[in-house]
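Chain by chain, the residues run as shown.
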Amino acid sequence: MIILAADVGGTKSNLGIFESTPGAGLKLSFERSYATHDFPQSLASLLLKFLQEANTSQRDVAAACVGIAGPVEDGISVAEWLPWHVVDEREVSAGVGVPGTRMINDMVATAWGVTALRPDQLVTLHPGEPKAGRNIAVIAAGTGLGESALVYDDGQYHAVACEGGHTDWAPRNKEEFDLFRFLLERSRRVTNEHVICGRGLVNVYTYFKALETGRFPAALPDNDQDARRIARDAAANPSSPEAKAVNLFLSAYGGRAGNLAMQLMATGGVYVGGGIAPKNLDRMRDGAFVNNFLDKGPLFRPILEKIPVHVVLEQKTALIGAAQYAVAHSTGG
């Protein structure tokens, strides 16, 4: 059975052709990555371009699934960071010519993919005491902040969609309160994505840079292009705005991961995906992330200490998850 899978993000889109064989699982036979905004016409045009390069006819595709960076409700996504404001899976299915094409949130796809990861595709930040058949939390900072859960019930995992990145960010100390005030003065509300993602890191750096120079901008930056430079330059000078920004970012990231673990009672583990964590493993390992993950008071700290925390190295996790979803929800799945 031939499967078409896609992981469509705000910056790039990964696509793959998988072969599904009973008893042998999934095998990735062809893949490509594209800049998402190179296809302003439609999501279908992106998928058709890929099928053409894969030399695969729509008639040969048995099932297709797209993981998309945005909420999906009744097969419709209103995506903030994508070139198409509204995407309807029925229109995508018709445009591509693959009946029954499914569209799911990209973090749901990531959660499906987490279940297939091997130990060598992970880096453990905190070993904890893993328990089988317990809830699992998935969090991923990249262009935005994505969250999902694998809820264990009736002998199997069920992936749950959520939009935690767009929920309110709560400061926890004076430094974060001062940052919160700076952000609130330049935005209608302050969400987790104002701090914990690529754009968030740029926002935090902008704040510390303003403290250093005394020049406070009237508005927040409208891109995340400087995030890599900030992360790279942070190591050069520990007292620089870049270093202060990365330190606060990692503290907030760890704190949010701990909150998610508590909300879900994710004693099966926490998986940290996205593009930022794997590219900054040394900083993820230096203690700030895990210390803030655990910092939930004397009652809950012992519970969190038993929860394993892993960084996901496999950048195709959402793509693999989309393929798994396509197989499971196909007529022959």
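Data block above holds the structure.
Just so it is clear, the model here is predicted, and its values are computed rather than measured.

1. Re the sheet that holds strand β9 (residues 122-126)
Read from one edge of the open sheet, six strands run β9-β14-β13-β10-β11-β12, paired in mixed fashion. Whereas interior strands pair on both sides, the edge strands pair on one side only; in this sheet they are β9 and β12 (156-161). On average, each strand axis in the sheet is tilted by 25° relative to the strand beside it, whichever way the strands run.

2. Details of helix α5 (residues 198-213)
With 16 residues, α5 should cover 22 Å at 1.5 Å per step; its first-to-last C-alpha distance of 23 Å lies within 8% of that length. The buried count for α5 comes to 12 of 16 residues, which makes it a mostly enclosed element. Of all the residues in α5, the buried ones are Gly198, Arg199, Gly200, Leu201, Val202, Asn203, Val204, Tyr205, Thr206, Tyr207, Phe208 and Ala210. Considering only its buried residues, α5 is in contact with α4 (174-184), α6 (227-233), α7 (241-264) and α8 (276-279).

3. Notes on the sheet that holds strand β6 (residues 76-78)
Reading across from one edge, β5-β6-β7 is the order of the three strands in this open sheet, with antiparallel pairing throughout. The sheet is open, and its two edges are formed by β5 (72-73) and β7 (86-88), each paired on a single side. Sheet topology note: the β5/β6 ladder contains two bridges and is antiparallel. The residue bridging valine 72 from the neighbouring strand is serine 77, located in β6. Sheet contacts for helix α2 (residues 89-96): β6 and β7; angle to β7, the most-contacted strand, approximately 65°.

4. Describing the packing of helix α1 (residues 43-53) against α2
For the pair α1 and α2, interaxial distance at closest approach is 9 Å and the crossing angle is 35°. In the packing of α1 onto α2, the handedness of the crossing is right-handed. Across from Leu43, Ala44, Leu47, Leu48 and Leu51 in α1, the residues of α2 making contact are Val92, Gly95 and Val96. Looking at side-chain class alone, the contact of α1 with α2 contains seven nonpolar, one polar and no charged residues.

5. Structural notes on the pairing of strand β1 (residues 2-8)
Counted residue by residue, β1 has six buried out of seven residues, so it is predominantly covered. Where β1 lies against strand β2 (residues 12-21), seven bridges are found, and the strand directions are antiparallel. Each bridged residue has a counterpart across the sheet, and for isoleucine 2 the counterpart in β2 is glutamate 19. Linking β1 to β2, which pair antiparallel, is a turn of three residues. Note: β1 against strand β4 (residues 61-68), seven bridges, orientation parallel. When the sheet's bridge partners are listed, alanine 5 is paired in β4 with cysteine 65.

6. So, the packing of aromatic side chains
Applying the stated criterion across every chain, the model contains 10 aromatic pairs. Taken together, a centroid distance of 5.6 Å and an interplanar angle of 90° make the contact between tyrosine 34 and phenylalanine 39 edge-to-face. Exposure remark for phenylalanine 39: the relative accessible area of 10% places this residue in the buried category. Both rings, one in tryptophan 169 and one in phenylalanine 180, keep their centres 6.4 Å apart while their planes meet at 35°; by these two values the pair is tilted. Residue tryptophan 169 is found in the loop between β12 and α4, and its partner phenylalanine 180 is found in helix α4; the two are separated by 11 residues along the sequence. On the basis of relative accessibility, which here comes to 6%, the residue tryptophan 169 falls in the buried class. Here the aromatic cluster, defined as three or more aromatic residues joined through ring pairs, consists of Phe182, Tyr207, Phe208 and Phe216. If you follow arginine 229 out to its NZ or CZ, it ends over the ring of tyrosine 205, 5.2 Å from the centre.

7. Some points on the nonpolar core
Within the largest apolar cluster, 50 residues are counted, with the highest numbers of intra-cluster contacts made by Leu179, Val195, Tyr253, Val270, Val272, Phe289 and Phe293. If we skip the residues at most four places from it in the chain, phenylalanine 293 touches Gly254, Gly255, Ala257, Gly258, Ala261, Val270, Leu304, Ile307 and Val309.

8. Brief notes about the pattern of salt bridges
Under the counting rule described, the total for this entry stands at 20 salt bridges. Residue arginine 118 is joined to aspartate 120 by a salt bridge in which the shortest nitrogen-to-oxygen separation is 3.0 Å. The exposure class of aspartate 120 is exposed, given its relative accessible area of 52%. Among the ionic pairs, arginine 199 bridges to aspartate 222, the shortest N-O distance being 3.9 Å.

9. A word on α2
Along α2, the residues that are buried comprise Glu89, Val92, Ser93 and Val96. Across the axial projection of α2, the buried residues extend over an arc of 100°, all falling on one side. Every exposed residue of α2 that faces more than 90 degrees away from the buried side is listed here: Glu91 and Ala94. Against the buried residues of α2 lie β1, α1, β7 and β8 (102-105). Capping the start of α2, aspartate 88 holds a side-chain oxygen 2.8 Å from the backbone nitrogen of arginine 90, two or three residues further along. Looking one or two residues beyond α2, the residue adopting positive phi is glycine 97, at roughly 85°.

The rules behind the values
- Residues numbered from 1 in each chain as written.
- Predicted model: local features only at pLDDT ≥ 70, side-chain atom pairs only at ≥ 80, totals over all residues.
- Heavy atoms only, no water.
- Pairing = 2+ DSSP bridges.
- Helix = DSSP H or I, 4+ residues; strand = E, 2+ residues; numbered from the N terminus.
- Axes fitted to C-alpha atoms, helices over the stretch in contact; angles between N-to-C directions.
- Expected span 1.5 Å × (residues − 1).
- Buried < 20%, exposed > 50% of the residue type's maximum accessible area, 1.4 Å probe, protein only.
- Contact = heavy atoms within 4.5 Å.
- Left-handed = near helix turned anticlockwise from the far one by under 90°.
- Nonpolar A, V, L, I, M, F, W, Y, C, P; charged D, E, K, R; others polar.
- Phe/Tyr/Trp six-rings, centres within 6.5 Å; stacked < 30°, edge-to-face > 60°.
- Lys NZ or Arg CZ within 6 Å of the ring centre and 35° of its normal.
- Core = buried A, V, L, I, M, F, W, Y, C linked by side-chain atoms within 4.5 Å.
- Salt bridge = Lys/Arg side-chain N within 4 Å of Asp/Glu carboxyl O.
- Arc of directions from axis to C-beta.
- Polar contact = N/O pair within 3.5 Å; in protein donor to acceptor, adjacent residues only side chain to side chain.

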